Amino acid sequence: MLLEQADTFIARYSELAELLSDPEVIGDHRRFMTLSKEEADLRPKVEKFRRYKEVDEEISGAEELLAETTDPDMLDMAKEELKELKDEQVQLEEELHILMIPKDPNDDKNIIMEIRGAAGGDEAQLFAADLYEMYSKYAESQGWRVEVVEASANDIGGYKEIILQITGANVYSKLKFESGAHRVQRVPSTESQGRVHTSTATVGVMPELEDLDFELDDNDIRVDIFRASGAGGQHVNKTESAVRLTHEPTGIVVSMQDQRSQQQNKDKAMMILRSRVYEQLESERLSEYNSDRKNLVGTGDRSERIRTYNYPQNRVTDHRIGLTIQKLDLIMSGELEEIIDALLVADQAQKLEELNEQSL
């Protein structure tokens, strides 16, 4: 089975190499980029498949030698070589099965992250600020860049909403499972009685897309220009630089006024609008599929409760995979690797199980 797949993948990889050297393809930017991405995705699979084929041929050779030779030293050497080759074959099979898991096409994308205070008033908005700090510190540890695109703060240091653009290597692949409702249990700083309150903030993680990935029809978008208001100095108050985009088929609205010019506001608003429309359409497309299966790491719905942060017990629990960690202080300081790695492993295991079921 794997050898048949090897031939198929190697043939397609060779075909892509020819296409990418074709002047007609090189002149078609969109097609060239699409084929280049496919070639890059196939490369690690092809390298493993080629080695798998080599090992299979070497095993046949070692088995033939064992059947033909009577020399004791040659027999011992052939047996040792055969054992090493079969061990490598098993290892390659495991690695190839993982490589065969369908890759999320957005894994290498940057993201738009939206954090909002939800149930719990001021305390929920303070928790939204804590989540912002947590993700910012994690991003720093990964060498990523965080830019605040828009923020709506309250008077005590919390956020009603804060929108971030996080850029770097494989950002979406590591943070895509953070979408959902995050619940906090702690004594609010404003609580004089010392009672533990429960509040929530929601996190939305969307891949940052370009026209090449997901194109919006300009005819579906209404553009309104208006004078910005609020903090920002004389420039904000004297020019009509704020932009509101409405995607009429879905009713999604994005307003932007924090940038210095109308064009900058429009560009940022379009970036967020594209991601939000894509998120909604993908959610609708997957809703029927997800209803027929148990999605171990959640649906990505912002209303789905995914995690609880319990301050009195220094505990974090991810409800989707039943993971509990007594390191809340470290996690809130950006040390998210243990949770993120566990979610990625759980998702990988589930997809591998589904792939095996399909091949039966």
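The structure under discussion appears in the preceding block.
Residues numbered from 1 in each chain as written. Predicted model: local features only at pLDDT ≥ 70, side-chain atom pairs only at ≥ 80, totals over all residues. Heavy atoms only, no water.

Draft legend 1. Molecular detail of the overall build of the protein chain. Counting secondary structure elements, the protein chain contains 10 helices and 11 strands. Relative to its full complement of 360 residues, the protein chain shows a buried share of 40%. For the protein chain, the share of sequence-separated contacts (at least 6 apart) that also reach a separation of at least 24 residues comes to 62%. Counting every atom, the protein chain has about 19500 Å² of accessible surface; 48% of that belongs to carbon and sulfur. (Helix = DSSP H or I, 4+ residues; strand = E, 2+ residues; numbered from the N terminus. Buried < 20%, exposed > 50% of the residue type's maximum accessible area, 1.4 Å probe, protein only. Contact = heavy atoms within 4.5 Å. Areas by Shrake-Rupley, 256 points an atom, 1.4 Å probe, with all protein chains shown as cover.)

Draft legend 2. Local environment of the pairing of strand 9 (residues 305–310). Most of strand 9 is tucked away, with five of its six residues classed as buried. The pairing of strand 4 (residues 180–186) with strand 9 spans five bridges and is parallel. Directly across from Gln185, in strand 9, lies its bridge partner Asn310. Across four bridges, the pairing between strand 9 and strand 10 (residues 315–318) is antiparallel. Within the sheet, the bridge partner assigned to Thr308 lies in strand 10 and is Thr317. Linkage of strand 9 to strand 10, two consecutive antiparallel strands, is achieved through a turn of four residues, within which Asn314 is found at a positive phi near 50 degrees. (Pairing = 2+ DSSP bridges.)

Draft legend 3. Focus on the sheet that holds strand 6 (residues 221–226). Pairing within the open sheet is antiparallel, and its three strands lie in the order 6-7-8. Two strands lie at the open edges of the sheet, namely strand 6 and strand 8 (252–256), each paired on one side alone. Going from strand to strand, the sheet's axes swing by 15 degrees on average, the running direction of each strand aside. Alignment of strand 6 against strand 7 (residues 242–247), held across six bridges, turns out to be antiparallel. (Axes fitted to C-alpha atoms, helices over the stretch in contact; angles between N-to-C directions.)

Draft legend 4. Geometry of the sheet that holds strand 2 (residues 145–153). Spatially, the eight strands line up as an open sheet ordered 2-3-1-5-4-9-10-11, and their pairing is mixed. This sheet does not close on itself; its edge strands, each paired only once, are strand 2 and strand 11 (323–325). Pairwise comparison of adjacent strand axes, ignoring direction, gives a mean angle of 15 degrees for this sheet. Here strand 2 runs beside strand 3 (residues 159–167); their pairing, made up of eight bridges, is antiparallel. Bridging across to strand 3, Ala151 finds its partner in Ile162. Sheet contacts for helix 5 (residues 121–141): strand 1 (111–117), strand 2, strand 3, strand 4, strand 5 (197–207) and strand 9; angle to strand 4, the most-contacted strand, approximately 110 degrees.

Draft legend 5. Examining the pairing of strand 5 more closely. Most of strand 5 sits inside the fold, with nine of its 11 residues counted as buried. Bridge analysis of strand 1 against strand 5 gives seven bridges, and the strand direction is antiparallel. Each bridged residue has a counterpart across the sheet, and for Ile115 the counterpart in strand 5 is Val203. As judged from the seven bridges shared by strand 4 and strand 5, these two strands associate in the antiparallel manner.

Draft legend 6. Spotlight on the packing of aromatic side chains. In this structure the tally under the stated criterion is four aromatic pairs. Taking the centre distance of 5.8 Å and the plane angle of 90 degrees together, the rings of Tyr132 and Tyr159 count as edge-to-face. In this pair, Tyr132 sits in helix 5 while Tyr159 sits in strand 3, placing the two residues 27 residues apart along the sequence. Residue classification places Tyr159 among the buried residues on the basis of a relative accessible area of 19%. Judged by centre distance (5.6 Å) and plane angle (85 degrees), the rings of Tyr138 and Trp144 are edge-to-face. Overall, the relative accessible area of 2% leaves Tyr138 in the buried class. Exposure remark for Trp144: the relative accessible area of 9% places this residue in the buried category. (Phe/Tyr/Trp six-rings, centres within 6.5 Å; stacked < 30°, edge-to-face > 60°.)

Draft legend 7. Expanded view of the pattern of salt bridges. With the rule as written, the count across this model stands at 30 salt bridges. Of the charged contacts in the structure, one is a salt bridge between Arg116 and Glu161, with a shortest N-O distance of 2.7 Å. On the criterion of sequence distance, the pair formed by Arg116 in strand 1 and Glu161 in strand 3 is long-range, its members being 45 residues apart. Beyond isolated ion pairs, a larger network of salt bridges with shared partners links Arg51, Glu54, Glu58 and Glu88. (Salt bridge = Lys/Arg side-chain N within 4 Å of Asp/Glu carboxyl O.)

Draft legend 8. Expanded view of unusual backbone geometry. In this structure, Asn170 takes a positive phi of about 55 degrees despite not being glycine. With respect to the helices, strands and loops of the structure, Asn170 is situated in the loop between strand 3 and helix 6 (171–175). Even without glycine at this site, Asn314 takes up a positive phi of about 50 degrees. Examined against the element boundaries, Asn314 turns out to sit in the loop between strand 9 and strand 10.

This is a description of form; function is not addressed.
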